Amino acid sequence: LESWGPVVRNRRAYSAARPHGEEPKAKYVYAGPYQTNTAVGADQWLPIKPGSEAVVALGLCNLILAAGKASPGFVVGDLAAFQSYVSAKYSPAQVEKISGLPAAKLKALAEELVKAKKPLTIAGSEMAEGAQAATVMAGAALNLIMGRMNQPGGMTVLPEFDKAVPAAMDADDVISKDIIVFMDQVFNAKKKPEAVIIYEANPVYSLPAAAAKVIRRIPFKVTFTCFFDETARLCDLVLPTPMG
């Protein structure tokens, strides 16, 4: 309700689901380390340790798959391998140890998701600076398991758009020049860039641990941000941006 997508539209949807004088049409459960406006507005706030959102989502995947409650249409990749992975790594006890969320509450949430007519998991960042890739992927996996991909009220996967400008890069070119590829090239190349400019992003937090090593190798580092985050701490120059 404050930092994810078009906030005004989100607030209108929240209001529509809770018509005045009537029973709420939807239940909101918020899992996060801070009691944000979204957490306050939710029916239930589940405090968890910072950065453990993906762990909670994968713990839910484990419980739903173990109970045989996955959507009948869920066939993608190697489901057996995925189920084996979450079973070994994200049992309720393990999720509690990592995230601080009691195992009983994780199980209760999994049961509510199974019973819900149109469950939806929204994965994002608390501070509008981008969530970790693992968080987004775990949230998408949970929606996929629950059969909520490309369904009304679910998570929509958009097709690749046609170019708006003929001279624009192809999708393959964009992928080949993304931040992960760039980090890998800097880490392994003999010649390093002289400077890097980062705008409202926190790659040291959101990317694998090697990202910090890569950024340290670049002589001059600049970041535009409204938070003195992990990336800003490694930069030579921090330029504040307006909040909101």
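Not measured: the values here are computed from a predicted model.

### Details of the overall build of the protein
Next up, step 1: Counting its regular elements, the protein contains twelve helices and five strands.
Next up, step 2: Overall, the C-alpha framework of the protein stretches about 60 × 45 × 45 Å when taken along its three principal axes.
Next up, step 3: Here the contacts in the protein between residues at least 6 apart in sequence split such that 54% fall between residues at least 24 apart.
Next up, step 4: Just so you have it, the protein exposes about 15300 Å², and 59% of that area is on carbon and sulfur atoms.
Next up, step 5: Charged side chains of the protein number 26 positive and 23 negative; the gap between the two group centres comes to 5 Å.

### Topic: the packing of helix α3 (residues 53–66) against helix α7 (residues 133–145)
Next up, step 1: Where α3 contacts α7, the axes come no closer than 8 Å and their chain directions differ by 20 degrees. On the basis of the axis angle, α3 is roughly parallel to α7. The interaxial crossing formed by α3 with α7 has left-handed handedness. Taking contact as the criterion, the partners of E53, A54, A57, L58, L60, C61, I64 and L65 in α3 are, on α7, A134, T135, A138, G139, A141, L142 and I145.
Next up, step 2: Partitioning the contact of α3 with α7 into residue classes produces twelve nonpolar, two polar and one charged.

### Let's talk about the packing of aromatic side chains
Next up, step 1: According to the stated counting rule, one finds three aromatic pairs in the structure shown.
Next up, step 2: Residues Y85 and Y90 carry aromatic rings whose centres are separated by 5.7 Å and whose planes lie at 65 degrees to one another, so their mutual orientation is edge-to-face.
Next up, step 3: Overall, the relative accessible area of 38% leaves Y85 in the partly exposed class.
Next up, step 4: Look at Y90 and you get buried, because its relative accessible area is 12%.

### Considering the nonpolar core
Next up, step 1: Within the largest apolar cluster, 25 residues are counted, with the highest numbers of intra-cluster contacts made by V56, L60, I64, L106 and L142.
Next up, step 2: Only α3, α6 (103–115) and α7 provide two or more residues apiece to this core.
Next up, step 3: Excluding residues within four positions of it along the chain, L106 makes contact with V56, G59, L60, L63, P92, V95 and L101.
Next up, step 4: Judged by nonpolar contacts, the second largest core, of twelve residues, contains M183, V186, V196 and I218.

### Some remarks on the sheet that holds strand β5 (residues 237–240)
Next up, step 1: One open sheet holds the three strands; their spatial order is β3-β4-β5, and the pairing between them is parallel. Across the chains shown, the open sheet's two edge strands, defined by having one partner strand only, are β3 (195–199) and β5. The average angle at which neighbouring strand axes cross in this sheet is 15 degrees, direction not considered.
Next up, step 2: By the bridge criterion, five bridges tie β3 to strand β4 (residues 220–225) in an arrangement that is parallel. The residue of β4 that forms the bridge with I198 is T223.

### A word on the packing of α3 against helix α5 (residues 92–99)
Next up, step 1: One can describe the packing of α3 onto α5 by two numbers: an axis separation of 10 Å at closest approach and a directional angle of 170 degrees. For the element pair α3 / α5, the angle class is roughly antiparallel. On α5, the residues touching V55, V56, G59, N62 and L63 of α3 are P92, V95, I98 and S99.

### Notes on the state of the cysteines
Next up, step 1: Scanning all chains against the criterion turns up zero disulfides.
Next up, step 2: The closest cysteine sulfur to the non-disulfide-bonded C235 is located on C226, 14 Å from its own sulfur.
Next up, step 3: C235 sits in the buried class, given a relative accessible area of 12%.

### Concerning the side chain of T135
Next up, step 1: Note on placement: T135 falls in helix α7.
Next up, step 2: Non-local contacts of T135, meaning those with residues more than four positions away in its chain, are made with E53, A54, A123 and G124.

### Observations regarding unusual backbone geometry
Next up, step 1: Positive phi, close to 55 degrees, is recorded for N150, a residue that is not glycine.
Next up, step 2: Counting through the fold element by element, N150 comes out in the loop between α7 and α8 (171–176).
Next up, step 3: Take N150: its relative accessible area is 46%, and that puts it in the partly exposed class.

Criteria and thresholds
- Residues numbered from 1 in each chain as written.
- Predicted model: local features only at pLDDT ≥ 70, side-chain atom pairs only at ≥ 80, totals over all residues.
- Heavy atoms only, no water.
- Helix = DSSP H or I, 4+ residues; strand = E, 2+ residues; numbered from the N terminus.
- Contact = heavy atoms within 4.5 Å.
- Areas by Shrake-Rupley, 256 points an atom, 1.4 Å probe, with all protein chains shown as cover.
- Lys, Arg positive; Asp, Glu negative; His and termini not counted.
- Charge placed at Lys NZ, Arg CZ, Asp CG, Glu CD.
- Axes fitted to C-alpha atoms, helices over the stretch in contact; angles between N-to-C directions.
- Parallel < 35°, antiparallel > 145°, perpendicular 65-115°, else oblique.
- Left-handed = near helix turned anticlockwise from the far one by under 90°.
- Nonpolar A, V, L, I, M, F, W, Y, C, P; charged D, E, K, R; others polar.
- Phe/Tyr/Trp six-rings, centres within 6.5 Å; stacked < 30°, edge-to-face > 60°.
- Buried < 20%, exposed > 50% of the residue type's maximum accessible area, 1.4 Å probe, protein only.
- Core = buried A, V, L, I, M, F, W, Y, C linked by side-chain atoms within 4.5 Å.
- Pairing = 2+ DSSP bridges.
- Disulfide = S-S within 2.5 Å.

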